[in-house]
Amino acid sequence: MLILNIIVTFARELMDFIEDVKTFFGNTFSGIHHYLNRFMGDDALLMFSILIGAILAIFIFRLVINKR
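Cut-offs and rules
- Starting afresh in each chain, residues are numbered from 1 along the sequence in its written order.
- Local features in this predicted model are restricted to residues of pLDDT 70 or higher, and side-chain atom pairs are both shown and tallied only at a pLDDT of 80 or more, whereas totals for entire chains, interfaces and linings draw on every residue.
- Side-chain measures here rest on the full set of heavy atoms in the structure, leaving out hydrogens and waters.
- Numbering goes from the N terminus for both helices and strands, where a helix is a DSSP run of H or I of at least four residues and a strand is a run of E of at least two.
- Radius of gyration here uses only the C-alpha atoms, and the compact-globule reference equals 2.2 Å multiplied by the residue count raised to the power 0.38.
- Think of it in three bands: with a 1.4 Å probe and only protein chains considered, a residue is buried below 20% of the maximum accessible area for its type, exposed above 50%, and partly exposed in between.
- Here the accessible surface of atoms and residues is derived via Shrake-Rupley with a 1.4 Å probe, and residues count as covered only by protein chains that are part of the display.
- When two rings of Phe, Tyr or Trp (its six-membered ring) have centres within 6.5 Å they constitute a pair, described as stacked for plane angles under 30 degrees, edge-to-face for angles over 60, and tilted for the intermediate range.
- Here, a salt bridge means any Lys or Arg side-chain nitrogen found within 4 Å of an Asp or Glu carboxyl oxygen.

Draft legend 1. Examining the overall build of the protein more closely. When its secondary structure is counted, the protein shows two helices and zero strands. Over its C-alpha atoms the protein spans a radius of gyration of 20 Å, topping by over 25% the 11 Å that the globule rule assigns to 68 residues. By residue count, 1% of the 68 residues in the protein fall in the buried class. Split by element, the accessible area of the protein, about 6,600 Å² in all, is 73% carbon and sulfur.

Draft legend 2. Representation of the packing of aromatic side chains in the model. As enumerated under the stated definition, the model contains three aromatic pairs in all. Ring centres 6.3 Å apart and planes at 25° place the aromatic pair F25 and F29 in the stacked group. Of the two residues, F25 and F29 are both situated in helix α1 (residues 2-36); the distance of four residues between them amounts to about one turn of the helix. The partly exposed category is assigned to F25, whose relative accessible area is 43%.

Draft legend 3. Looking closely at the pattern of salt bridges. Evaluated as defined, the whole model comprises one salt bridge. One salt bridge connects K22 with E19, and the closest N-O pair in it is separated by 3.8 Å. Within this pair, K22 and its partner E19 are both found in helix α1, separated by three residues, close to a single helical turn. Among the residues examined, E19 registers a relative accessible area of 41% and is labelled partly exposed.

Listed below in structure tokens is the structure:
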């Protein structure tokens, strides 16, 4: 019974931690979006985020290729 209580407590704490992390990143990205939305529209934000994602993917791909 004690082991079951430990497992249940661990699972609850893990779910609380995951919820806190989700809330943190959600609030962070929401704040960045609201700040950037003052200067540019949603279409421009989407375009720049796709561009940054593509540049990041190319950078990571080049790092992996150069390691070989």
